Amino acid sequence: MIYKKYSFQSEAQAVALIDALGTFEEEGNIYPSHIHTVVKLGFLPTNVADEDNPPTFSDKYSVDVLWRGLELDENENAIFPEGWVEYEVKGLSSYKHNFYGLTYEE
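Residues numbered from 1 in each chain as written. Predicted model: local features only at pLDDT ≥ 70, side-chain atom pairs only at ≥ 80, totals over all residues. Heavy atoms only, no water.

**Examining the sheet that holds strand E1 (residues 2-8)**
Phase 1: The three strands are arranged E1-E5-E4 in an open sheet whose pairing can be described as antiparallel. The outermost strands of the open sheet, each flanked by one partner alone, are E1 and strand E4 (37-45). Between one strand axis and the next, the sheet turns through 20° on average, direction left out of account.
Phase 2: Judged from the seven bridges that link them, E1 and strand E5 (residues 57-67) form a sheet pairing that is antiparallel. Note on E5: the bridge partner recorded for tyrosine 3 is leucine 66.
Phase 3: Here helix H1 (residues 11-20) sits on the sheet and contacts E1, E4 and E5; the angle it forms with E5, its principal contact strand, is near 15°. (Pairing = 2+ DSSP bridges. Helix = DSSP H or I, 4+ residues; strand = E, 2+ residues; numbered from the N terminus. Axes fitted to C-alpha atoms, helices over the stretch in contact; angles between N-to-C directions. Contact = heavy atoms within 4.5 Å.)

Dropping the structure here:
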């Protein structure tokens, strides 16, 4: 399993890449057909809000992914699905979201 964080220009851009991982429709609902875990975090706060300071939010749409079963290249490096690598971000290790206690590593 590999835990990565991503930042997109919009929610629509993120959803397009998530849907490209594979989906199926049943009784009007759309479900993933892949084994990865995707968490849409949305527009993250950029400050600590209090009575005097309202919250401000990033203009980027954030998504965390727990990748499973990715193919490996000849050097044993994971091959990520097309379009994802360019949106990977680093420097958010202190953000509170995690997967089942797994530690995010940059």
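Moving on, there is more to tell.
**With respect to the pattern of salt bridges**
Phase 1: The final tally for this structure, using the stated rule, is two salt bridges.
Phase 2: Between lysine 4 and glutamate 88 there is a salt bridge; the shortest N-O distance is 3.0 Å. You can see lysine 4 sitting in strand E1 and its partner glutamate 88 sitting in the segment after E5, a full 84 residues away along the chain.
Phase 3: The buried category is assigned to lysine 4, whose relative accessible area is 15%. (Salt bridge = Lys/Arg side-chain N within 4 Å of Asp/Glu carboxyl O. Buried < 20%, exposed > 50% of the residue type's maximum accessible area, 1.4 Å probe, protein only.)

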